[in-house]
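Summary of structural features
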Amino acid sequence: MKYFVLITVFLLSFQLNAADKNVVIDSKVKEATVFQRGAQITRTAKQFLTPGSYFLVFDELTFNIESASVQVEGKGEFTILSVSHQRNYMREIKQSEQIKILTDSIEVISEELAILRGLRSVYQEEKSMINTNKKIMYGTTTGFAIEDLEEMSDFFRTRLSEILNMQLEINQKEKRFQTSLNKLNSQLAQLKRGNNQSSEIVVEVAVKKNTPASFVLKYFVPQAGWTPIYDIRASGPDQKIKLAYNAQVFQSTGINWENVKLKLSTSNPTQRTDKPVVSPYVLRFVGNMPRGDYYQSNVRTPRAKLESAGVMAESDAGTAASATLVTESQLNINFEIDIPYNIPSDNKKHTVNVKNEELDADYYYYAAPKYSDKTLLIASIGGWEKYQLISGQASIYYQGTFLGKTFIDARNTKDKLDISFGEDRQVVVKRTRIEDYCDSKLIGNNKKENIGLAISAKNTKSKSIKLIIEDQIPISSNKEIEVTLEDQGDAELDEKSGTLKWQFELKPAQTVKREFKYIVKFPKDKKVNL
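Residues numbered from 1 in each chain as written. Predicted model: local features only at pLDDT ≥ 70, side-chain atom pairs only at ≥ 80, totals over all residues. Heavy atoms only, no water.

**With respect to the pairing of strand β4 (residues 52–62)**
Looking along a regular strand, one sees side chains alternate from face to face of the sheet. Burial analysis of β4 places eight of its 11 residues in the buried class, which makes it a mostly covered element. Inspection of the sheet shows strand β1 (residues 22–25) paired to β4 by four bridges, in the parallel sense. Its bridge partner being in β4, Val 23 is matched across the sheet by Leu 56. (Buried < 20%, exposed > 50% of the residue type's maximum accessible area, 1.4 Å probe, protein only. Helix = DSSP H or I, 4+ residues; strand = E, 2+ residues; numbered from the N terminus. Pairing = 2+ DSSP bridges.)

So, in structure tokens, the structure goes:
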């Protein structure tokens, strides 16, 4: 027992000495560089340091910090000796006010539900007792006058009705409380989606003399990201297009970002950046080779090495731009947002306005009557690559009306970006068969199909328009199937795809017509997908 006491005292004194060498420092999130997957968090802190060597503990940080990404900058009369990151499984991150309010509401409603369920049990017991007394009373014919029986029956009937009404009221209240409780629990689970456990960055310092110290901590967390989303608005064919470039930012780090400066980056640090090692590509006969060897990749990627936590030299703080600053490096594009944002740790998408642009566009109408009878208004934007767009969903508005959604493909290699503003019924395009030309004939062992089609387009608008119509003739994938274009009706022909293209300048109330004809010949004993 004596040895046990001595060991306990020794361990306690060791812990106290270790605690004396630790200085806990609070820090705040000041900036977040959000990548499309993940984010680099920047925290700042200040502390007055006294001479000596000890450890500074920056606590209550996000649990899932990438240890290799930790950087610490310091300013003051001291030297940073080491930097390390450790997880604290015994301590949770402080709850936000919203979580506290939800937790208190859940406790109140849970108590109300418990009271209601207790009342239900009481009424059920009373109902059972009345039913038991009824059996006893009606089971004997002595000691009760007729008037007494009628009076007791009235009492039982009235009381059972009251109990039934009370039980129904309890059921309704319980249903309402349970619905509210489910909603509160769902909301609480959403807010607690980030890990509630915390981690710490421990910085060992040697301080020469009393000094005010400032610190900047940077680290990477994977539980964050952003996706682009656009609003595209047009007032008419003679007006510029208004483009709102927005970002949907989300995070579930367990810590709310409050009044934080955001920087959005198009890079993705979670992707591997190792240079592939290309091995010789050897051809072999594969008849007797196992399937696994044949399908083995010929490119091997070396395994990346994790670097230890870094220590950065002393540096001065930067200044924020007065507006969204767009910078483009050799590898990515960064958007610095001038307005601080609050991004809670709920993994929901929060809209951040990146920038607004006015785009010059050429408008035209487009129809492909083989596939649809709709004529679409298209805005063609030149030089679109200078707006630093990345692929994402866009909401389309025309003259204040929401028309639907489209997808902007920033990987498009065309000179112009086409955006559809939907159908315009004032431009009518129709496609019909030329009946006196279309027929089928047997010539020897072959079948010959004559196909003729007519296209008409009418402009019922009060202004002239530019109209593009596309149709097609089939292309053959077999030498036994022959396709001959007899009349292309003044259309541009793409021989590889068989596409026919017409471009018109249609005046108000003007109608144009075009025809094209082709012949398909193939063996009569075979079928073709005409």
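**Side note on the sheet that holds strand β29 (residues 499–506)**
Here we have six strands laid out as an open sheet, ordered β22-β19-β18-β26-β29-β28, and mixed in their pairing. Here the strands that pair on one side only, and so sit at the sheet edges, are β22 (416–423) and β28 (492–494). Strand-to-strand twist of the sheet, defined as the mean angle between neighbouring strand axes without regard to direction, takes the value 30 degrees. Bridge analysis of strand β26 (residues 465–472) against β29 gives eight bridges, and the strand direction is antiparallel. The residue bridging Ile 465 from the neighbouring strand is Leu 506, located in β29. (Axes fitted to C-alpha atoms, helices over the stretch in contact; angles between N-to-C directions.)

**Some points on the sheet that holds strand β21 (residues 401–408)**
What the five strands build is an open sheet, ordered β17-β10-β9-β20-β21; its pairing is mixed. Each edge of the sheet is formed by a strand with only one pairing partner; in this case those strands are β17 (350–359) and β21. Each strand axis lies, on average, 20 degrees off the axis of its neighbour in the sheet, ignoring direction. Where strand β9 (residues 224–234) meets strand β10 (residues 241–251), 10 bridges bridge the pair, whose relative direction is antiparallel.

**Notes on the packing of aromatic side chains**
Remark: the centre distance and the inter-plane angle together describe each pair of aromatic rings, the angle taken between the planes. Per the counting criterion, the structure on display carries 10 aromatic pairs. In textbook terms, an aromatic cluster arises when at least three aromatic residues are bridged by ring pairs, as seen for Phe 58, Phe 78 and Phe 215. Taking NZ or CZ as reference, Arg 87 lies 4.5 Å from the ring centre of Phe 63, over its face. (Phe/Tyr/Trp six-rings, centres within 6.5 Å; stacked < 30°, edge-to-face > 60°. Lys NZ or Arg CZ within 6 Å of the ring centre and 35° of its normal.)

**Remarks on a negative patch on the surface**
A contiguous patch of negative charge on the surface is contributed by Asp 436, Glu 486, Asp 487, Asp 490 and Glu 515. Counting through the fold element by element, Glu 515 comes out in strand β30 (residues 511–523). When its relative accessible area of 38% is taken as the criterion, Glu 515 is described as partly exposed. (Patch = residues over 30% accessible without salt bridge, like charges linked within 9 Å, V, L, I, M, F, W, Y side chains within 5 Å. Areas by Shrake-Rupley, 256 points an atom, 1.4 Å probe, with all protein chains shown as cover. Salt bridge = Lys/Arg side-chain N within 4 Å of Asp/Glu carboxyl O. Lys, Arg positive; Asp, Glu negative; His and termini not counted. Charge placed at Lys NZ, Arg CZ, Asp CG, Glu CD.)

**Looking at the pattern of salt bridges**
With the rule as written, the count across this model stands at 17 salt bridges. Its salt-bridge partner being Arg 117, residue Glu 174 comes within 2.8 Å of it at the nearest N-O pair. Remark: Arg 117 occurs in helix α2 (residues 97–138) and Glu 174 occurs in helix α3 (residues 146–191); sequence separation between them is 57 residues. Here Lys 240 makes a salt bridge to Asp 360, at a shortest N to O gap of 3.7 Å. On the criterion of sequence distance, the pair formed by Lys 240 in the loop between β9 and β10 and Asp 360 in the loop between β17 and β18 (362–367) is long-range, its members being 120 residues apart. The exposure class of Lys 240 is partly exposed, given its relative accessible area of 42%. Under the relative-accessibility criterion, Asp 360 is labelled exposed at 51%. One continuous salt-bridge network, built from bridges that share partners, spans Arg 117, Arg 120 and Glu 174.

**What to know about the environment of Ile 381**
Relative to the helices and strands, Ile 381 is located in strand β19 (residues 375–382). C-alpha separation for the pair Ile 381 and Leu 359, spaced 22 residues apart in sequence, amounts to 7.2 Å. Beyond its immediate chain neighbours, meaning those up to four positions away, Ile 381 contacts Ile 241, Leu 359, Asp 360, Ala 361, Asp 415, Lys 416, Leu 417 and Ile 419. (Contact = heavy atoms within 4.5 Å.)

**Thoughts on the confidence of the model for the chain**
Should the pLDDT be low somewhere, the predicted coordinates at that spot are not to be read in detail. Summing up the model confidence of the chain, the mean pLDDT is 81 and the portion of residues at 70 or higher is 80%. Of all the helices and strands in the chain, strand β13 (residues 299–300) carries the lowest mean pLDDT, 36, while β26 carries the highest, 96. Taken together, the stretch residues 3–19 has pLDDT below 50 and engages in zero contacts with residues farther than four places along the chain or on a different chain. Note on residues 288–323: pLDDT under 50 across the span, and 53 contacts to partners over four residues away in sequence or across chains. (pLDDT = per-residue confidence, 0-100.)

**Description of the environment of Gln 36**
Relative to the helices and strands, Gln 36 resides in the loop between β2 (28–34) and β3 (39–49). Residues within four places of Gln 36 in sequence aside, it is in contact with Gly 225, Trp 226, Pro 228, Ser 265, Thr 266, Ser 267 and Ile 390.

**Some points on the nonpolar core**
The nonpolar side chains of a soluble globular protein tend to be buried with one another. Judged by nonpolar contacts, the single largest core of 86 residues is most densely connected at Phe 58, Ile 201, Phe 215, Ile 232, Trp 257, Leu 262 and Phe 421. Residue contacts for Leu 262: discarding those within four places in its chain leaves Ala 32, Val 34, Trp 257, Phe 335, Glu 336, Ile 337, Tyr 341, Ile 343 and Val 352. (Core = buried A, V, L, I, M, F, W, Y, C linked by side-chain atoms within 4.5 Å.)

**Considerations on unusual backbone geometry**
Even without being glycine, Asn 259 reaches a positive phi, approximately 55 degrees. On the secondary structure map, Asn 259 appears in strand β11 (residues 257–265). A positive phi angle, near 65 degrees, is found at Asn 347, a position not held by glycine. The residue Asn 347 is located in the loop between β16 (341–343) and β17 in this model.

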